[in-house]
Amino acid sequence: MILYTLYENSYIDIAHLETLKDVHVYVNLTNRCPCACTFCLRQTKEMLESNSLWLEREPSVDEVIQEFQKYDLDDFAEVIFCGFGEPLERVDDVVQIAGILKLYRRDLPIRINTNGLANLIHKRDITPELKGRIDTISISLNAPDAKEYYELTRSRFGIESFQAMLDFTVLSKQYVPHVVLTVVDIIGSEKIAQCQSLCDELGVTLRVRPFEE
Ligand code: SF4
């Protein structure tokens, strides 16, 4: 399933929707991710095998564009790169696809949901490549400090991942109009307040998402 949306607490291929008016379209590009978050559905074997977002094979840029060509981009409220892995594992392809979509509809809002570790993955600063293509980047903050972040994400880059994610956040501000850090509400009000202070220091928005089992 390459293009999907959230529908009644589940994922649905947008081809199965009755109307596409104002739909938020998610692009599923990869299963790869440098993290193994304790809360991630990827950690459950049954979910891996049964989940409709699990890709047997990564779609090429051409295949993704062909999927989009089946629809009228003017209908969409937003396009979001977000699947069962880290979309910026394929940063070149994300940038290429976003660029093509913007050619057809300049004001189409495009977002990336990311763990913010792309600069570690690619060993270079990829944030300039997002300029003019990505409107919003939503980065998982998860926790207010490095130790707790690492315990939750089990990033293969180790404890340094937290600072790298914050650095990525600051760098993104130069190229992406809306930079958002996210946490889930179950971390509690005290930690949410600490995360808010961190966001205030960095000059970005904090979004507190409801936790879904
Ligand atoms: S970063 Fe996202 S995709 Fe990767 S393990 Fe964590 S929750 Fe799952």
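Everything below is about the structure shown above.
Residues numbered from 1 in each chain as written. Predicted model: local features only at pLDDT ≥ 70, side-chain atom pairs only at ≥ 80, totals over all residues. Heavy atoms only, no water.

(A) Helix α5 (residues 146–153), seen in detail. Those residues of α5 not exposed but buried are Glu 148, Tyr 149 and Thr 153. Looking straight down α5, one finds that the buried residues subtend no more than 120° of arc, so they occupy a single side. Two to three positions downstream of the cap, the backbone nitrogen of Lys 147 sits 3.2 Å from a side-chain oxygen, assigning the N-cap of α5 to Asp 145. (Buried < 20%, exposed > 50% of the residue type's maximum accessible area, 1.4 Å probe, protein only. Helix = DSSP H or I, 4+ residues; strand = E, 2+ residues; numbered from the N terminus. Arc of directions from axis to C-beta. Polar contact = N/O pair within 3.5 Å; in protein donor to acceptor, adjacent residues only side chain to side chain.)

(B) Here's a closer look at the site of the ligand. For the ligand, the full set of nearby residues is Cys 33, Cys 35, Ala 36, Cys 37, Phe 39, Cys 40, Arg 42, Gly 85 and Asn 115. Looking at the shell around the ligand residue by residue, the class counts come to 6 nonpolar, 2 polar and 1 charged. (Near = heavy atom within 4 Å. Nonpolar A, V, L, I, M, F, W, Y, C, P; charged D, E, K, R; others polar.)

(C) Looking closely at the packing of aromatic side chains. As enumerated under the stated definition, the model contains 6 aromatic pairs in all. Look at Trp 54 and Phe 84: their rings are 6.0 Å apart centre to centre, the planes differ by 85°, and that puts the pair in the edge-to-face class. Linking Trp 54 in the loop between α1 (45–50) and α2 (61–68) with Phe 84 in the loop between β4 (78–81) and α3 (91–104), this pair joins segments that are 30 residues apart in sequence. Members of the aromatic cluster, each reached through a chain of ring pairs, are Tyr 4, Tyr 11 and Tyr 26. (Phe/Tyr/Trp six-rings, centres within 6.5 Å; stacked < 30°, edge-to-face > 60°.)

These figures capture arrangement, not role.
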